[in-house]
Amino acid sequence: MKLFPKKAPHIRSDTSNKTVMGDAIVTLAALYFMAACYNGQRAIVLGLLSVGVCWAANTLCVLLRGRRANLRDFSPVVTGMIVPLMMPANIPYHVVVVADLFAILIVKQPFGGLGNNIFNPAAGGIAFAIACWPAQIFSYPLPNATLDLWGKVNTSVSSSAAYTLSIGGVPTADYTSVLLGQHPGPMGTTCVLVILACLLYLISRGTVKYQQVLPFLFTVAALNFFFPRISAEGPASAFYEVLATPALFCAAFLFNDPTTSPSRVIGKAAYGVIGGIVVFLFTRFGGYEQTTAFAILLMNALCPAIDELAEQYITKKRRMRYGRKVTIDLSGETGFDNDSGAPAEAAQNP
């Protein structure tokens with residue numbers, strides 16, 4: 001038998017980088033279509049620019065390491081599509097370019113590239129842009145506003161529902177407007193119905209694991225239901241905190257990155273619950289109105305520890321089951337009483 005050594009992880013399924021990234025690209029394209037409907041052609045230009053920068057930076061790093069560029073590696077495309085969707089449509093182009101370069105050159109490639117990064121590149125690029133240009137990141141154009149393709153965009157801007165929640169207010173957008181995306185916010189995170197459809201598609205394809213995303217969303221909703229930070233009732237608080245902020249988008253496209261997620265099901269569930277708690281704490285005590293990207297980076301750092309604890313728990317349970325099985329088999333073969341250790345006939349007739 002001839003053996004072929006391959007680098008870990010060893011996946012025993014039909015899922016591959018091509019299928020996972022392909023599914024992500026299809027769903028993200030749907031969000032760009034909605035962004036173009038609400039914000040015009042500038043949304044498409046931002047996406048194309050971001051994809052081009054990420055692809056070029058990723059290819060350059062691969063070539064500098066003396067390797068051949070893999071044309072089937074669509075991970076920089078996904079990163080390039082996610083970054084602008086977490087920003088307003090009137091964001092200056094140079095902010096997107098810097099966020100892309102930080103994501104690829106600092107967060108991804110120094111750790112070895114595809115499959116080796118310990119932090120989500122898109123989350124890293126978004127967090128860096130928020131720290132450097134908070135005023136531009138958190139100034140959102142009104143839906144259906146006409147935006148110029150080039151030069152400085154002069155249009156009316158407004159704050160998002162996330163900002164209103166951060167100061168203890170109730171968003172003015174009603175439930176229907178939130179579901180349809182008719183409120184200011186990052187251009188790819190406002191249309192809830194489309195994001196939910198994308199999430200269901202990714203779960204049905206196995207690209208996103210429901211064992212991880214559902215505990216995350218449920219934890220965020222439950223904590224805001226019982227501990228609302230607005231004057232509204234618990235259900236309204238849970239609705240706005242999950243659906244009127246980037247939490248749902250991040251759950252679908254950032255929180256479930258297979259490279260930065262636990263491998264075991266029990267680890268994924270624990271990762272989702274802890275991630276929901278971290279997001280809740282960041283929204284309460286974070287310094288920005290949009291802190292989900294920072295929470296995801298922290299969870300990425302905790303992922304190896306959660307994976308290790310899950311592996312230890314599974315190993316312990318497996319050994320306990322094996323020990324019980326051996327005890328039962330030995331008792332059946334030798335005829336010993338399970339409690340006293342004496343022969344069964346002697347135990348019945350002392």
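These remarks concern the structure in this document. (Residues numbered from 1 in each chain as written. Predicted model: local features only at pLDDT ≥ 70, side-chain atom pairs only at ≥ 80, totals over all residues. Heavy atoms only, no water.)

Let's talk about the environment of A129
Here A129 shows up in helix 5 (residues 121–132). If sequence neighbours within four positions are ignored, A129 has contacts with M87, V95, A99, P134 and I137. (Helix = DSSP H or I, 4+ residues; strand = E, 2+ residues; numbered from the N terminus. Contact = heavy atoms within 4.5 Å.)

Section: the nonpolar core
Ranked by size, the top nonpolar core spans 79 residues in total, and within it L28, I82, M87, F249 and F253 carry the most contacts. Considering every element that reaches this core, the biggest residue donor is helix 1 (residues 17–39), with 8 residues. Ignoring any residue separated from it by four or fewer positions in sequence, one finds L28 in contact with V78, M81, I82, L85, F249 and F253. (Core = buried A, V, L, I, M, F, W, Y, C linked by side-chain atoms within 4.5 Å. Buried < 20%, exposed > 50% of the residue type's maximum accessible area, 1.4 Å probe, protein only.)

Side note on the side chain of N256
As for its placement among the helices and strands, N256 is situated in the loop between helix 12 (247–253) and helix 13 (265–285). A polar contact is formed between the side chain of N256 and the backbone oxygen of A251, at a distance of 2.3 Å. With near-sequence residues (within four places) excluded, N256 lies in contact with V208, K209, Q212, V213, A251 and S261. (Polar contact = N/O pair within 3.5 Å; in protein donor to acceptor, adjacent residues only side chain to side chain.)

Considering the environment of P88
In this fold, P88 is placed in the loop between helix 3 (75–85) and helix 4 (93–108). With a relative accessible area of 0%, P88 lands in the buried category. In this structure the C-alpha to C-alpha distance between P88 and I137, which are 49 residues apart in sequence, comes to 6.4 Å. Ignoring anything within four residues of it in the chain, the contact list for P88 reads L46, Q136, I137, S139, Y140, P141, P186 and M187.

Regarding the packing of helix 4 against helix 5
Packed helices, taken two at a time, are described by the angle their axes make and the gap between the axes. Interhelical geometry of helix 4 versus helix 5 gives an angle of 130° and a closest axis separation of 8 Å. Between helix 4 and helix 5, the interaxial angle falls into the category oblique. Between helix 4 and helix 5 lies a crossing whose hand is right-handed. Contacts between helix 4 and helix 5 involve V95, V98, A99, F102, A103, V107 and K108 on the former and, on the latter, P121, A122, G124, G125, F128 and A129. (Axes fitted to C-alpha atoms, helices over the stretch in contact; angles between N-to-C directions. Parallel < 35°, antiparallel > 145°, perpendicular 65-115°, else oblique. Left-handed = near helix turned anticlockwise from the far one by under 90°.)

These values are about where atoms sit, not about what they do.
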